[in-house]
Amino acid sequence: MGISWRSSNVDMLVEILLYLTMLTLTITTAFGCYGYLNFTKSAFLEHSKKFNPEDTETKIEGKNCVVTGANSGLGYATAEGLASRGATVYMVCRSKERGEAALSEIVSKTGNQNVHLEVCDLSSVSDIKSFASKLSSKNVPVHVLVNNAGLLEHKQITTSEGFELNFSVNVLGTFTMTELMVPLLEKTAPDARVITVSSGGMYTAPLTTDLQFVNGNFNGAEQYARNKRVQVALTEKWSDLYKGKGISFYSMHPGWAETPGVAKSLPSFNKSLSGKLRTSEEGADTIIWLALQPKEKLVSGAFYFDRAETPKHLMFTATRGTHSLIDPIMDTLRTLSRLSE
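Residues numbered from 1 in each chain as written. Predicted model: local features only at pLDDT ≥ 70, side-chain atom pairs only at ≥ 80, totals over all residues. Heavy atoms only, no water.

An unreviewed UniProt entry annotates the protein chain as Dehydrogenase/reductase SDR family member 12 originating from Erythroxylum novogranatense.

Q: Would you take a moment to explain the side chain of Thr196 for this structure?
A: Assignment of secondary structure puts Thr196 in strand β5 (residues 192–197). Thr196 gets classed as buried once you look at its relative accessible area, which sits at 1%. Apart from the residues lying within four places of it in its own chain, the contact partners of Thr196 are Asn147, Thr174, Gln231, Thr235, Tyr250, Ser251 and Met252. (Helix = DSSP H or I, 4+ residues; strand = E, 2+ residues; numbered from the N terminus. Buried < 20%, exposed > 50% of the residue type's maximum accessible area, 1.4 Å probe, protein only. Contact = heavy atoms within 4.5 Å.)

Q: What is the right way to read the pattern of salt bridges from this model?
A: Two side chains bearing opposite charge may form a pair once their charged atoms approach each other closely. On inspection of all chains with the given rule, the structure shows 16 salt bridges. Note that Glu222 is salt-bridged to Arg226, the shortest N-O span being 3.1 Å. On the criterion of helical spacing, the pair formed by Glu222 and Arg226 is a turn pair, its members being 4 residues apart in helix α7 (residues 220–241). The exposure class assigned to Glu222 is partly exposed, which follows from its relative accessible area of 36%. Taken together, the salt bridges that share partners define one network made up of Lys63, Asp191 and Arg193. (Salt bridge = Lys/Arg side-chain N within 4 Å of Asp/Glu carboxyl O.)

Q: What's the story with the nonpolar core in this structure? I'm lost.
A: Across soluble globular proteins, nonpolar side chains show a tendency to be buried alongside one another. In terms of nonpolar packing, the biggest core is built from 42 residues, with Leu135, Met181 and Leu333 touching the most fellow members. Of all elements in the fold, only β2 (88–93), α5 (125–137), α6 (165–186), β5, α7, β6 (247–253) and α11 (326–337) reach the threshold of two or more residues within this core. In terms of residues, this core owes the most to one element, α6, which gives 11 residues. Setting aside residues no more than four positions away along its own chain, Met181 makes contact with Phe131, Ala132, Leu135, Val142 and Leu145. Among the nonpolar cores identified, the runner-up in size contains 36 residues, and Leu74, Leu82, Ala83 and Ile195 belong to it. (Core = buried A, V, L, I, M, F, W, Y, C linked by side-chain atoms within 4.5 Å.)

Q: Which parts of the structure should I look at to understand unusual backbone geometry?
A: The bulk of non-glycine residues show a negative phi, and the bulk of peptide bonds are trans. In this structure, the amide linkage connecting Ala189 to the following residue, Pro190, adopts the cis form with an omega of 10°. By the secondary structure assignment, Pro190 is in the loop between α6 and β5. Positive phi is not limited to glycine here, since Asn139 has a value of about 55°. As for its placement among the helices and strands, Asn139 is situated in the loop between α5 and β4 (144–147). The phi torsion at Arg338 lies on the positive side, around 55°, for a residue other than glycine. Looking at where Arg338 falls in the secondary structure, it is placed in the segment after α11.

Q: Looking at this structure, I do not really get the sheet that holds β5. What am I missing?
A: Sheet strands associate in pairs through backbone hydrogen bonding, adopting either a parallel or an antiparallel arrangement. Taken in spatial order, the 8 strands of this open sheet run β3-β2-β1-β4-β5-β6-β7-β8, and their pairing is mixed. The open sheet is flanked by β3 (115–119) and β8 (308–309), the only strands paired with a single partner. Its contacts with the sheet put helix α3 (residues 73–83) on β1 (64–68), β2, β3, β4 and β5, and the angle it makes with β1 is roughly 170°. Relative to β3, helix α4 (residues 96–110) is tilted by about 170°, and along the sheet it contacts β2 and β3. (Pairing = 2+ DSSP bridges. Axes fitted to C-alpha atoms, helices over the stretch in contact; angles between N-to-C directions.)

Q: Explain the state of the cysteines here, please?
A: Cysteine pairs can be covalently joined through their sulfur atoms, and such a bond is termed a disulfide. Scanning the entire structure with this criterion turns up 0 disulfides. This cysteine, Cys93, is not joined by any disulfide, and Cys120 carries the nearest cysteine sulfur, 9.8 Å off. (Disulfide = S-S within 2.5 Å.)

Here is the structure:
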């Protein structure tokens, strides 16, 4: 009887493992197919046939835009795009040297002198608080906050403040920056808006309260996907939380773009899709579109892709319904960022 009992349990365990393996393969396949059909350069060119060129011709002189991670890739393209339309742009960058080089290029290209570099490490709550305090002391009203800075680090690294590195930039940094900008965003209500750059990778990850990947073997790509799912759920929560303050919140997916970050973090992916990836400008198109559109045409809390609202969940990916965890997650983030102090 004992042998039979153990055998049946082994059989059950094997069945469970096979099921989980098949589920993982199904999710990966569904995402891969969907991504190849929709996220590549050719898809952007096809989708752009329906774009209205006038939507991004608006001039926004006198509006203050804060863009994180603005020295390269999507952040640079966003900062340049907003500067070319007359905005006063605050480029939030970790590296002073790279930030200064990017700022010089943008000023030269756009002729806009109202572009400023703010050196801030988005993995540091302390740095973010210092930046926010500086902007607050100058009483700078913020019309648009673009949470673009992101990181995919494959090794499990702990920051000097004690947080897992991917989480500290993608989630805790985004949360802290947004919360601290709310008073400055309120000054430009009802037109204030926050745009958070997520990723298609979030389609593969349900929301989880294991924010720093304490359980199981650490996987940088999976952690990045989890982080991006949190950003989408946070956007929903912020939209509801601050709907009476005249601030709108949007998350978006830029598609698969060829950026320095992708080349560094996903070299095999970058190489295998060489020639098929979007440019940084194509990836940033929807960010700029969201910054320029009349708010009546947009849905606060929604997820956008190629200038249109798009689903937050794919079939077979088991992510639907997990956003109910956002309340305890937000409580945790508020504690970790020490915003209540």
